[in-house]
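The residues making up each chain are set out below.
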Amino acid sequence: MSLRKRFQFAILFVIVALAWSATLNLHHAELDGPKPDTVLRAPSSAAISLPWHSTGSATRPTRSLTTFRSKREGLAASFLPIQFRNPKGLGVGKLLVASRNLGDPHFARTVILLVHYDENGVIGLILNQRTDMPISKILDLKAAKERSDPVYIGGPVEPSAALALFRSAANIKEAEDIFGDVYLISKRDLFEKTLAARPDPHAFHVYLGYAGWTQAQLQAEVQLGAWFVFPADSTAVFNSDPDSLWPRMIQKTELQLAKTEPFAAIPQPVTLF
């Protein structure tokens, strides 16, 4: 081999060696560089995709995340009577328990009994907003003059309208049977008649106003996670301590959710329509 060719091979060898060395140095620099903050667990700009929170830039869910979603959607069958995110469970005689993150001031921390549900609309009465105002100061009825039991705020719609829930062992033909022995009273003459019979305050509650939705609106709110749906019972409706009703029911709900899926108790932030 001529001297010139040997010189060319030597130069080529040096170039290859330098390139390989640079590659190794770059690789080690990446390994030894800054690590993600272990407290933050991810850079603040990272896209996050969770079952209860999704961003527009989030990547496609992994198989395990898809499985997590399907498990969560099937929670209702795991621990009835709670019907979680299941609008098919809605109807007259069902209770709506506001999720912890429901921020609407009219409905935050409320428990609502549905008393009307059809294609024309949905009506519910808030059970746990008791006032200090006695019935005698509110109802312009002769039979109500000596009633000292308090009035409840039934909801933000038509606050001047009065409705009542009455638990009666006898059938009341003029009233609407909501469930079991609990009836809805909405007519003036029936109000007068019922009050004249001196009903027990623990079985007779008067509500001013009501909560109202369209069917599609309430179904969408349930699917978003704004409400947990329960079958009603008279103990909840005529609770002697209404201020404790929501905390006890939401705690029961979250404990039952946690038994099936530890992360399912974390609610999705909800904004109502």
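Residues numbered from 1 in each chain as written. Predicted model: local features only at pLDDT ≥ 70, side-chain atom pairs only at ≥ 80, totals over all residues. Heavy atoms only, no water.

We now examine the pattern of salt bridges. This model, assessed by the stated rule, comprises four salt bridges. The salt bridge involving Glu 254 is made with Arg 100; its shortest N-O contact spans 3.0 Å. Highlighted residues: Glu 254 in helix α7 (residues 245–260) and Arg 100 in the loop between β4 (94–98) and β5 (111–118), separated in sequence by 154 residues. Of the residues examined, Glu 254 reaches a relative accessible area of 17% and is grouped as buried. Judged by relative accessible area, Arg 100 falls into the partly exposed class, the value being 44%. When the shortest N-O distance is used, the salt bridge between Arg 167 and Asp 181 registers 3.1 Å. Taken together, the positions of Arg 167 in strand β9 (residues 157–167) and Asp 181 in the loop between β10 (176–179) and β11 (182–185) put the pair 14 residues apart, joining distant regions of the chain. For Arg 167, a relative accessible area of 39% translates into the label partly exposed. (Salt bridge = Lys/Arg side-chain N within 4 Å of Asp/Glu carboxyl O. Helix = DSSP H or I, 4+ residues; strand = E, 2+ residues; numbered from the N terminus. Buried < 20%, exposed > 50% of the residue type's maximum accessible area, 1.4 Å probe, protein only.)

So, about the packing of aromatic side chains. Under the criterion given, the structure shown has five aromatic pairs. Arranged with centres 5.9 Å apart and planes meeting at 75°, the rings of Phe 107 and Trp 227 form a pair that is edge-to-face. Of this pair, Phe 107 sits in the loop between β4 and β5 while Trp 227 sits in strand β13 (residues 227–231), and the two are 120 residues apart along the sequence. For the pair shown, Phe 107 and Trp 227 are each scored as buried. Look at Phe 166 and Phe 204: their rings are 5.9 Å apart centre to centre, the planes differ by 75°, and that puts the pair in the edge-to-face class. In this pair, Phe 166 is assigned in strand β9 and Phe 204 in strand β12 (residues 204–213), connecting sequence segments 38 residues apart. When sorted by exposure, Phe 166 lands in the same class as Phe 204, which is buried. Here the aromatic cluster, defined as three or more aromatic residues joined through ring pairs, consists of Phe 107, Trp 213 and Trp 227. (Phe/Tyr/Trp six-rings, centres within 6.5 Å; stacked < 30°, edge-to-face > 60°.)

Next up on the list: helix α4 (residues 188–196). Those residues of α4 lying buried are Leu 190, Phe 191, Thr 194 and Leu 195. Projected down its long axis, α4 shows its buried positions confined to an angular sector of 130°, all on one face. The exposed residues of α4 that point more than 90 degrees off its buried face are Arg 188, Asp 189, Lys 193 and Ala 196. Where α4 is buried, its residues meet β9, β11 and β12. (Arc of directions from axis to C-beta. Contact = heavy atoms within 4.5 Å.)

So, about the pairing of β5. Taking burial as the measure, the eight residues of β5 include seven buried ones, the bulk of the element. Judged from the three bridges that link them, β4 and β5 form a sheet pairing that is antiparallel. When the sheet's bridge partners are listed, Leu 95 is paired in β5 with Leu 113. Note that β5 and strand β6 (residues 121–126) share six bridges and pair antiparallel. Bridge assignment links Ile 112 to a residue of β6, and that residue is Ile 126. Between β5 and β6, which follow one another and run antiparallel, lie two residues. (Pairing = 2+ DSSP bridges.)

Bringing unusual backbone geometry into the picture now. Positioned with a positive phi, Arg 109 is a non-glycine residue whose angle comes to about 60°. Tracing the backbone shows Arg 109 in the loop between β4 and β5. Residue class for Arg 109 comes out partly exposed when judged on its relative accessible area of 49%. Positioned with a positive phi, Arg 198 is a non-glycine residue whose angle comes to about 55°.

So, about the side chain of Thr 110. Here Thr 110 shows up in the loop between β4 and β5. Apart from the residues lying within four places of it in its own chain, the contact partners of Thr 110 are Leu 96, Val 97, Ala 98, Ile 126, Asn 128, Gln 129, Trp 227 and Trp 246.

Topologically, Glu 119 is positioned in the loop between β5 and β6. Note: C-alpha distance between Glu 119 and Ala 216 (97 residues apart in sequence) is 9.0 Å.

Counting 46 residues, the largest nonpolar core has Leu 113, Leu 165, Trp 213, Leu 218 and Trp 227 as the members making the most contacts within it. Per-element accounting of this core gives the leading share, six residues, to β5. Listed in part, the 17 residues of the second largest apolar core include Ile 135, Leu 139, Tyr 183 and Leu 195. (Core = buried A, V, L, I, M, F, W, Y, C linked by side-chain atoms within 4.5 Å.)

Okay, the confidence of the model for the protein next. Scored by pLDDT, the protein has a mean of 73; 65% of the residues are at 70 or more. Note on residues 12–80: pLDDT is under 50 here. Beyond four places in sequence and across chains, it has 44 contacts. Within the model, the stretch residues 263–267 combines pLDDT values under 50 with twelve contacts to residues more than four positions away or in other chains. (pLDDT = per-residue confidence, 0-100.)

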